[in-house]
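# Structural overview
Okay, here's what each chain looks like letter by letter:
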Amino acid sequence: MSVSDALSGLAPAKINLLLHVGPLQADGYHPLVSLAAFADVGDRVTVRRAEALTLTVEGPFAAGLDGQGDNLILKALRALGEAAGIGEPPVAVTLDKRLPIAAGLGGGSADAGAALRLTARLLDLDMPETELERLALAAGADGPMCLRARPAWASGIGEVLEDEPRLPTLHGVLLNPGLPSPTGGVYRAYDAAPKAADRPAPPADWSVASVIAWLAAQRNDLEAPALAVTPGIEEALAAMRAAPACRLTRMSGSGATVFGLFDDRAAAIEAAFALDRPGWWARPVVLGAPDIAPRAVI
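### Comments concerning the packing of aromatic side chains
Applying the stated criterion to the full structure yields two aromatic pairs. An angle of 75 degrees between the planes, with centres 6.2 Å apart, marks the rings of tryptophan 153 and tryptophan 214 as edge-to-face. Taken together, the residues span a long stretch of sequence, with tryptophan 153 in strand E5 (residues 152–155) and tryptophan 214 in helix H6 (residues 208–216) at a distance of 61 residues. Of the two residues examined, tryptophan 153 and tryptophan 214, each falls in the buried class. With a centroid separation of 6.2 Å and 55 degrees between ring planes, the pair formed by tryptophan 206 and tryptophan 214 is classed as tilted. Taken individually, tryptophan 206 and tryptophan 214 each receive the classification buried, so the pair is uniform in this respect. Positioned over the ring face of tryptophan 280 is arginine 277, at 3.9 Å from the centre of the ring.

### A closer look at the environment of glycine 28
Within the secondary structure layout, glycine 28 lies in the loop between strand E1 (6–21) and strand E2 (32–49). Accessibility expressed as a relative area gives 48% for glycine 28, which makes it partly exposed. Sequence-wise, glycine 28 and tryptophan 281 are 253 residues apart; in three dimensions their C-alpha atoms are separated by 33 Å.

### Topic: the side chain of threonine 257
Along the chain, the position of threonine 257 falls in the loop between strand E8 (246–251) and strand E9 (258–262). Residue classification places threonine 257 among the buried residues on the basis of a relative accessible area of 0%. Here the side chain of threonine 257 touches alanine 103 through a polar contact of 2.8 Å, landing on its backbone oxygen. Excluding residues within four positions of it along the chain, threonine 257 makes contact with Ala103, Leu105, Leu174, Leu175, Asn176, Met251 and Ser252.

Conventions used here
- Residues numbered from 1 in each chain as written.
- Predicted model: local features only at pLDDT ≥ 70, side-chain atom pairs only at ≥ 80, totals over all residues.
- Heavy atoms only, no water.
- Phe/Tyr/Trp six-rings, centres within 6.5 Å; stacked < 30°, edge-to-face > 60°.
- Helix = DSSP H or I, 4+ residues; strand = E, 2+ residues; numbered from the N terminus.
- Buried < 20%, exposed > 50% of the residue type's maximum accessible area, 1.4 Å probe, protein only.
- Lys NZ or Arg CZ within 6 Å of the ring centre and 35° of its normal.
- Polar contact = N/O pair within 3.5 Å; in protein donor to acceptor, adjacent residues only side chain to side chain.
- Contact = heavy atoms within 4.5 Å.

Below you can see the structure in the form of C-alpha cells.
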C-alpha cells in the first residue's frame, strides 16, 4: 500500500470554557453563546482507499458505540459524497475511540470533522473549508466548530462561528467520572429555569491569569441541570476543586466531563495523576488549537 492510500488524524476533544444558553425557541432549539478550545487529546480517525464506505470502531471506548450503524462519521461522509457527486466515498474508516462516550467533549462531531478532512484530502476532492463546514452540520450544530478545531466563539445554535486567536494556551485536566449525562434530559431540566444567551465582554487582557479570572466570572448554564439529572458529577467537580493549584473548575457542555485549569503543565500532570481512580478517566491537556494535520499511514 502506498503512502497516499491511507491518512490518519486527531479528532480533538472540544472544551466549552463558557456556555451561556437561552430559552427554548419555537423551532425546538436553544440559542447559545460559547467560547470553546480544543485539547491535544482525542479520538484518532484513519481513512483508507477501499471498495466501499465502511466504519470500524476500536479502542478503549469502542463498546459504547456498538450497534450504531448510522454513526455521525457515516452521515458526514455520505453528505460529502453527495456534494462531490461520487456517491458514498470509497473509503474504509477506522475510529480509535479514546474519549468517553457522551461526555460533553464533542467527540462524535470531532470524529465526523476529522473524517471529512481526511477523506476530502485522500480522494483529492476540491472542497473549500466553508463547504466542509456546511457538510459538518450533518453531525450537529457543533460540527463546523469541531471541523475547524481551533478556539472560537459560537452563537446561534452553535453554528455561527468567530475565531478567537487571542485565547492563550491553557493547561488543564479533563476528568470524567464514568457516569451518564443524557443531553436531552439535561436540557429538559434546564428548561425549568432558563437563562439568557448573553455574550460577555472580553477580558481586559489575554494573559493566562487574566483569562482564567475572567472565565471564573462566566457560566456553564447546563451544569446545574446536569447535576440535578446526574448528582454524581458533583464528586468529580469537588475532587477537581480540591486539586492543588487548580484555578478554575467547570463542567464542559452537558457533562459529565469536568475540567480544571492550572498555571502550568507540571501542575496539570500532577493533578491528573492524583485524580486517576478506578472508574474515572483523567487526562492532562493543553487547550488551544491542537495539531490536526493529516498524517500518511504506511
